[in-house]
Amino acid sequence: MQTIKAGIIGCGNISNIYMDNCKKFAVLDLIACADLDLDKARAQADKYNIPLACTTEELLAHPEINLVINLTIPAVHAEVSLQALEAGKHVYVEKPLTLTLEQGRKVLDTAAQKGLLVGSAPDTFLGAGIQTALKLISEGAIGRPVSATAFMMSRGHEHWHPDPEFYYAEGGGPMFDMGPYYLTALVQLLGPIRTVAGITSKALTERTITSQKKHGKSIPVDIPTHVAGTMQFHGGAVATLITSFDIFGGSTLPHIEIHGTEGSLLVPDPNGFDGKVMYRRLGQEQWTEQPLVRGYDGNSRGIGPADMADALLHQRKHRANGELAYHVLEAMWAFHLSSDSGSYYNMKSTCEPAMPMAELSFTS
């Protein structure tokens, strides 16, 4: 079987699941990893049997690597992705695509100029949960979608994350942290977004870390920690989305509900690959659980770059592509920009929802 040789830049916590899963996809050949801390790269290479641990510069200069998986911190997503593109490599980056719209456009334009592909997380929408919900909608199980609600309700990360400061700094906050999962799922299920109206706030101007590494340290809150708003999609559906780090007492709100002219659909957590999919048609009193479609129902992070590699080999469009990621990035900014201006934000970008997922070959 043909393979695409890949290298990972960034050997932090998220790299573990990528390295583990990338080795399972027959279409990917993970041959190198790099990090600013070379000892960290060497440790991951030993742990996951990756042939080469090296610097970023060495990885980008490697003549056999075709695809770079960029797992660096969001602040340098654009910088590292542009370096990879300039080196002639296709690039798949962790969410978000970039921090700013200007950076995102530069990444996409550079890729287009060089004839290279850009992909971006999240790839959870390729999992069995969202794919099952997509199948039900496409089959007309709830009729024409007319409305949706989505909630990401959290108390924030300072009570468990060892280094939570960046969640409350510029480029952080609940929308940029978790919004990509919810918005990507909604775009897949309802189509591209046309208009956004948002309001933002923050409950606290300072937070205290209670996780062990930095217990007791106070950190400033420089960004909104509660982002609420409404979207209208090009297809006509209207959705309400709240992402929050200000829910201190817990919540029972559902992750995503979609309501149509013939029924309603309960969509599982878009930050996972599985979960229960339930629907109830007009006139029915009970909810029906829909069996998950065959596919990826475990933690399959890495399926995005695997699908991208398969697309390269078969000359087709990959699913977690740059246009989708940029549309989601613009939508996240749209909530904040609408709140700041006190007016609707009309989206300038669009995208095509991805084709339903096909099962990729595993090595075992």
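Up top you'll find the structure we're talking about.
Within each chain, residue numbers correspond to sequence positions counted from 1 in written order. Totals for whole chains, interfaces and linings use all residues, but because this is a predicted model, local features are given only for residues with pLDDT of at least 70 and pairs of side-chain atoms are given and counted only at 80 or more. Computation of side-chain values covers all heavy atoms of the structure but excludes hydrogens and water.

## So, the pairing of strand 5 (residues 90-93)
Working definition: with a 1.4 Å probe on protein chains only, accessible area under 20% of the residue-type maximum means buried, over 50% means exposed, and in between means partly exposed. Runs of E in the DSSP output that reach at least two residues are strands. Runs of H or I that reach at least four are helices, and both are numbered from the N terminus. Residue alternation in strand 5 divides its side chains into two sets, H90 and Y92 and V91 and V93, and both sets are buried. We call a crossover right-handed when, viewed with the strands running away from us, the connection from the first strand over the helix to the second turns clockwise. With respect to chirality, the unit in which strand 4 (residues 67-70) leads through helix 4 (residues 77-86) into the neighbouring parallel strand 5 is right-handed. Pairing between strand 5 and strand 6 (residues 118-120): three bridges, direction parallel. Residue pairing in the sheet places Y92 in a bridge with G119 of strand 6. With helix 5 (residues 101-114) bridging strand 5 and its parallel neighbour strand 6, the resulting β-α-β unit is right-handed. What makes two strands pair is DSSP finding at least two bridges between them.

## Looking at the packing of helix 5 against helix 9 (residues 322-341)
When two helices pack together, their arrangement is given by the angle between the helix axes and the distance between those axes. It is the contact of helix 5 with helix 9, at a shortest axis distance of 10 Å, that shows an interaxial angle of 170°. Between helix 5 and helix 9, the interaxial angle falls into the category roughly antiparallel. Each of L101, G104, R105 and L108 in helix 5 lies in contact with helix 9, whose residues at this interface are G322, Y326, L329, E330 and W333. For this classification, the nonpolar set comprises Ala, Val, Leu, Ile, Met, Phe, Trp, Tyr, Cys and Pro, the charged set comprises Asp, Glu, Lys and Arg, and every other residue, Gly included, is treated as polar. Partitioned by chemical class, the residues of the contact of helix 5 with helix 9 number five nonpolar, two polar and two charged. Where helices are involved, their axes are fitted lines through C-alpha atoms of the stretch in contact, as for all axes, and angles between N-to-C directions lie from 0 to 180°. Each angle is binned into one of four classes, with values under 35 degrees roughly parallel, values over 145 roughly antiparallel, values of 65 to 115 roughly perpendicular, and all other values oblique. Whether two residues touch is decided by their heavy atoms; if any such pair falls within 4.5 Å, the residues are in contact.

## A few points about the sheet that holds strand 1 (residues 4-9)
Strand order across the open sheet formed by six strands is 3-2-1-4-5-6, with parallel pairing between neighbours. Two strands bound the open sheet, and with one partner strand each, they are strand 3 (52-54) and strand 6. Each strand axis lies, on average, 25° off the axis of its neighbour in the sheet, ignoring direction. Examined bridge by bridge, strand 4 and strand 5 share four bridges and lie parallel to one another. Counterpart to L67 in the pairing with strand 5 is H90. Its contacts with the sheet put helix 1 (residues 15-22) on strand 1, strand 2 (28-34), strand 4 and strand 5, and the angle it makes with strand 2 is roughly 150°.

## A closer look at the sheet that holds strand 14 (residues 263-267)
Taking strand neighbours across the sheet as the criterion, the nine strands line up as 16-15-14-13-7-12-11-8-17 in an open arrangement whose pairing is mixed. This sheet does not close on itself; its edge strands, each paired only once, are strand 16 (288-289) and strand 17 (345-346). Direction of pairing for strand 13 (residues 256-260) relative to strand 14: antiparallel, over a ladder of five bridges. Pairing of G260 across the sheet is with G263, part of strand 14. On the sheet, helix 9 packs against strand 8 (193-201), strand 11 (226-233), strand 12 (238-244) and strand 17 and is oriented at approximately 50° with respect to strand 8.

## Some details on the side chain of S300
If you trace the backbone, S300 turns up in the loop between strand 16 and helix 8 (303-314). Setting aside residues no more than four positions away along its own chain, S300 makes contact with N21, D123 and F273.

## Structural notes on the environment of K5
Within the element layout of this structure, K5 appears in strand 1. For K5, a relative accessible area of 24% corresponds to the partly exposed category. When the C-alpha positions of K5 and L67 are compared, they lie 6.5 Å apart, and in sequence the two are 62 residues distant. Setting aside residues up to four positions removed in sequence, K5 forms contacts with D29, I31, E64, I65, N66 and L67. As used in this structure description, the phrase polar contact means that two N or O atoms lie within 3.5 Å; if the pair is within protein, one of them must be able to donate a hydrogen and the other to accept it, and residues adjacent in sequence are counted only when both atoms belong to side chains. At a separation of 2.9 Å, a polar atom in the side chain of K5 contacts the side chain of D29.

## As for the pattern of salt bridges
When a carboxyl oxygen of Asp or Glu lies within 4 Å of a side-chain nitrogen of Lys or Arg, that pair is called a salt bridge. For the structure shown, the criterion picks out 16 salt bridges. Between D163 and K213 there is a salt bridge, with its nearest N and O atoms 3.1 Å apart. A residue pair is termed long-range when its members are at least 10 positions apart, and D163 in the loop between strand 7 (145-153) and helix 7 (174-190) and K213 in the loop between strand 9 (206-208) and strand 10 (218-220) qualify at 50 residues. Of the charged contacts, one joins K214 and E165 as a salt bridge, the two residues approaching to 2.9 Å between their closest N and O atoms. Taken together, the positions of K214 in the loop between strand 9 and strand 10 and E165 in the loop between strand 7 and helix 7 put the pair 49 residues apart, joining distant regions of the chain. What makes K214 partly exposed here is its relative accessible area of 23%. Residue E165 is classed as buried on the basis of its relative accessible area of 19%. Linked through salt bridges whose partners overlap, the residues forming this network are D163, E165, K213, K214 and K217.

## Digging into helix 4
Among the 10 residues that make up helix 4, seven are buried, leaving the element largely enclosed by the rest of the structure. All of the buried residues in helix 4 are H77, A78, V80, S81, L82, A84 and L85. Residues of helix 4 that are buried make contact with strand 1, helix 3 (56-61), strand 4, strand 5, helix 5 and strand 6. Just beyond helix 4, the residue with positive phi is G88, at close to 85°.

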